[in-house]
Amino acid sequence: MAAQQEKNLAEERKHQNMQNGTKASQGQWGRAWEVDWFSLASILFLLMFAPLIVYYFIMSCAQYQCSLTDPLLDLLTGNKHLSHIWNRTPMLTYRAAGIYFLWVAFQVFLYMSIPDFCHKFLPGYVGGVQEGAVTPAGAVNKYQINGLQAWIITHVLWFANASFLHFFSPTIIFDNWIPLLWCANILGYAVSTFAMIKGYFFPTNAKDCKFTGNFFYDYMMGIEFNPRIGKWFDFKLFFNGRPGIVAWTLINLSFAAKQQELYGEVTNSMILVNILQGIYVLDFFWNEAWYLKTIDICHDHFGWYLGWGDCVWLPYLYTLQGLYLVYHPVQLGTAHALGVLALGLLGYYIFRATNHQKDLFRRTNGNCRIWGRRPQYIECSYTSVDGTRYHSKLMTSGFWGWARHFNYTGDLMGSLAYCLACGFEHILPYFYIIYMGILLTHRCLRDEHRCSSKYGKDWKRYTAAVPYRLLPGVF
Ligand code: NDP
């Protein structure tokens, strides 16, 4: 069996590396080959508690008006037992299961059955069949990029329904929010477990599988690099983008509709959250081809982290601001609202411009202009598992000369704006900026560890030229 051979090979490589005294030599620049105790402890913590964290946030809104402390106080003082809270929690319903099944099936249909037509009439948009980056085993995958089209079709149908078809209420998502959570969990666990089994028994590309020998690590971080069913159903592209990110804007619209139903108006804070997050989501789909070159697709293996995370964590926790505003319809003063808008737009501009600069630089192999000048860069090289040597460049111009991850800085500014739109009464809507701060800092360190293994001394020259990670002069 190919996967078994690769697993044995992995053991051999690991053994050789131990003998050489190197942990991750060039040619093995995927995820951590050795599982250290801290990673293992974090993984066990997340596997056990991440579903509970999501439940706790959503339950706090449904039962405690979004207070994060009141449920704990109730439990600690004996005022309530866990069973009280659990008994008031809506269970899985046939209706929610039906809605969720139709939703996922519809997104699979849009993904698999309608080749992209947007690139034929939208100037500047890159869609249709596109190539991903070179994998550690030296493969180059092809992807059908049609996410923008799926997003547009889904939203046109949503507005058509809300305006004149009236098949269902636009509050349908809010009204079934907790029953849908159980459905999302079922799909998240099912797809992660399936991906694990597939990695062992019928991987798409055995050479790109990674077996660390630790069951929990492999389940969480994934074995297969690019699991696929057939030629085109790519797990990473599908689950990362749809159903979670297409749903993000629909979920916000449903929360806005609920505000309208409950209070007879939609607050300016809800409009701001819808607009700023809408821009972020639309940007994601407009740049879906670029997304093939980001860490999620280029470097992460597909396991529970991506499978469950995309089905549950993303749609439920990235939309907390909208949910909060249903329970607390904050009407912002003009200066506050304008400040939030300005911060959100500036963050978005930095995020997009930084990502665009790197994309342009890599696509043209440095033959472009950044801020009106020829970009400066550091030549670097790396070796794939099969021993082939590749050459690459690390840019030191534009935002990439300010800090090594200024795109994350822009992302954080935008994230902070969503939270500030909710006022200052509760901590719950601020979860997002806290989480993004941890996620992007960890991602930054993880990426740099990988780049350092990949580029060796060339990476050292780059970090000497651009010494800061997120904020020039600070970190
Ligand atoms: P980057 O787009 O920053 O990609 C990092 C990779 O770019 C490195 O691994 C390296 O890859 C290459 N690279 C690094 N430095 C340079 C340089 N100076 N010149 C050229 N290439 C370089 O990271 P992500 O993929 O993590 O992020 C993409 C975007 O997605 C970010 O803006 C981030 O904020 C956003 N994001 C949002 C999330 C969310 O949940 N909202 C989650 C994660 C990301 P190589 O091996 O090719 O050299």
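Criteria and cut-off values
Residues numbered from 1 in each chain as written. Predicted model: local features only at pLDDT ≥ 70, side-chain atom pairs only at ≥ 80, totals over all residues. Heavy atoms only, no water. UniProt positions renumbered as here; feature names shortened; annotations may be inferred. Helix = DSSP H or I, 4+ residues; strand = E, 2+ residues; numbered from the N terminus. Pairing = 2+ DSSP bridges. Near = heavy atom within 4 Å. Polar contact = N/O pair within 3.5 Å; in protein donor to acceptor, adjacent residues only side chain to side chain. Areas by Shrake-Rupley, 256 points an atom, 1.4 Å probe, with all protein chains shown as cover. Nonpolar A, V, L, I, M, F, W, Y, C, P; charged D, E, K, R; others polar. Domains from an automatic or database assignment.

## A look at the UniProt feature "transmembrane region" (unreviewed entry) in the chain
Stage number 1. Here the UniProt-annotated "transmembrane region" (unreviewed entry) positions come out as residues 37–58, 92–114, 148–168, 180–201, 262–282, 302–320, 332–351 and 415–440.
Stage number 2. Between the C-alpha atoms that bound residues 302–320 the distance is 26 Å, and the span itself is 79% helix and 0% strand.
Stage number 3. Summarising residues 415–440: 62% helix, 0% strand, and an end-to-end C-alpha distance of 11 Å.

## A short note on the pairing of strand β2 (residues 140–145)
Stage number 1. Where strand β1 (residues 128–134) meets β2, 5 bridges bridge the pair, whose relative direction is antiparallel. Paired with Gly128 across the two strands is Ile145, which belongs to β2.

## Re the site of the ligand
Stage number 1. Near the ligand lie 27 residues; those nearest to it are Tyr408, Asp411, Arg443, Asp447 and Tyr455.
Stage number 2. Separating an oxygen atom of the ligand from a side-chain N or O atom of Asn407 is a distance of 2.9 Å.
Stage number 3. A distance of 2.6 Å is found between an oxygen atom of the ligand and a side-chain nitrogen or oxygen belonging to Tyr408.
Stage number 4. Look at the ligand: alone it shows 920 Å² of surface, and the protein chains cover 92% of it.
Stage number 5. Elements supplying a minimum of two residues to the shell around the ligand: α18 (334–363), β6 (389–395), α20 (406–420) and α21 (431–455).
Stage number 6. By residue number, the principal contributor to the shell around the ligand is α21, which donates 8 residues.
Stage number 7. Residues belonging to the shell around the ligand are distributed by class as follows: 14 nonpolar, 5 polar and 8 charged.
Stage number 8. The residues that make up the shell around the ligand include at least three from each of domain 1 (90–331) and domain 2 (332–474).

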